[in-house]
Amino acid sequence: MNTKLTLRLDDALIQSAKRHSSRSGKSVSRLVADYFALIDSQEAAAATELTPRVRSLVGVLSGAKIDELDYHRHLEEKYR
């Protein structure tokens, strides 16, 4: 569903947006929509960004022969 949105912008900024629009072949509405989609995707990426500690652990067990049974054995030994 498309809904109309009214923006109040400086005249020079509007003219700049219109020039960019004609050069890119996209409407000003499409440029604004693309910008908001970009902001949304960047926020989603930032929300899933790994902490430094987790990043340091990535790949530590690659190639290891550890399975769920090993984990159960570990827990049994730990809580005896």
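Residues numbered from 1 in each chain as written. Predicted model: local features only at pLDDT ≥ 70, side-chain atom pairs only at ≥ 80, totals over all residues. Heavy atoms only, no water.

Section: the layout of surface pockets
One simple way to see leftover space: roll a probe sized like a water molecule over the atoms. Filter applied, for reference: Detection works on a 1 Å grid of protein atoms alone, calling trapped sets that fit a 1.4 Å probe cavities and calling open sets with protein on both sides within 12 Å along at least five of seven lines pockets, with lining residues defined by an atom within 4 Å of a point. Grid points are joined across faces, edges and corners, and a volume is the space filled by probe spheres set on the points. Think of it this way: any DSSP run of H or I at least four residues long counts as a helix, any run of E at least two long counts as a strand, and we number them from the N terminus. As a working rule, the residues Ala, Val, Leu, Ile, Met, Phe, Trp, Tyr, Cys and Pro are called nonpolar, Asp, Glu, Lys and Arg charged, and the rest polar, with Gly in that last group.
Of the pockets and cavities examined, the largest pocket occupies roughly 660 Å³. In terms of lining residues, the largest pocket is bounded by 20 residues, among which Leu7, Val28, Ser29, Val32 and Ala33 are the most central. Those elements giving two or more residues to the lining of the largest pocket turn out to be helix 1 (11-24) and helix 2 (28-47). The dominant element in the lining of the largest pocket, judged by the number of residues it contributes, is helix 2, at 8 residues. Within the lining of the largest pocket, the residues separate by chemical class into 13 nonpolar, 4 polar and 3 charged.

Description of the pattern of salt bridges
What counts, and what does not: We count a salt bridge whenever a side-chain nitrogen from Lys or Arg sits within 4 Å of a carboxyl oxygen from Asp or Glu. Exposure categories follow from relative accessible area, calculated using a 1.4 Å probe and restricted to protein chains: below 20% of the type maximum is buried, above 50% is exposed, and the middle band is partly exposed.
In this structure the tally under the stated criterion is 3 salt bridges. Salt-bridge contacts for aspartate 34 lead to arginine 30; the nearest nitrogen and oxygen are separated by 3.0 Å. Here aspartate 34 pairs with arginine 30, and both are found in helix 2, just 4 residues apart, close to one helical turn. Take aspartate 34: its relative accessible area is 27%, and that puts it in the partly exposed class. Given a relative accessible area of 43%, arginine 30 falls into the partly exposed group. Across the pair arginine 73 and aspartate 70 runs a salt bridge whose closest N-O atoms are separated by 2.8 Å.

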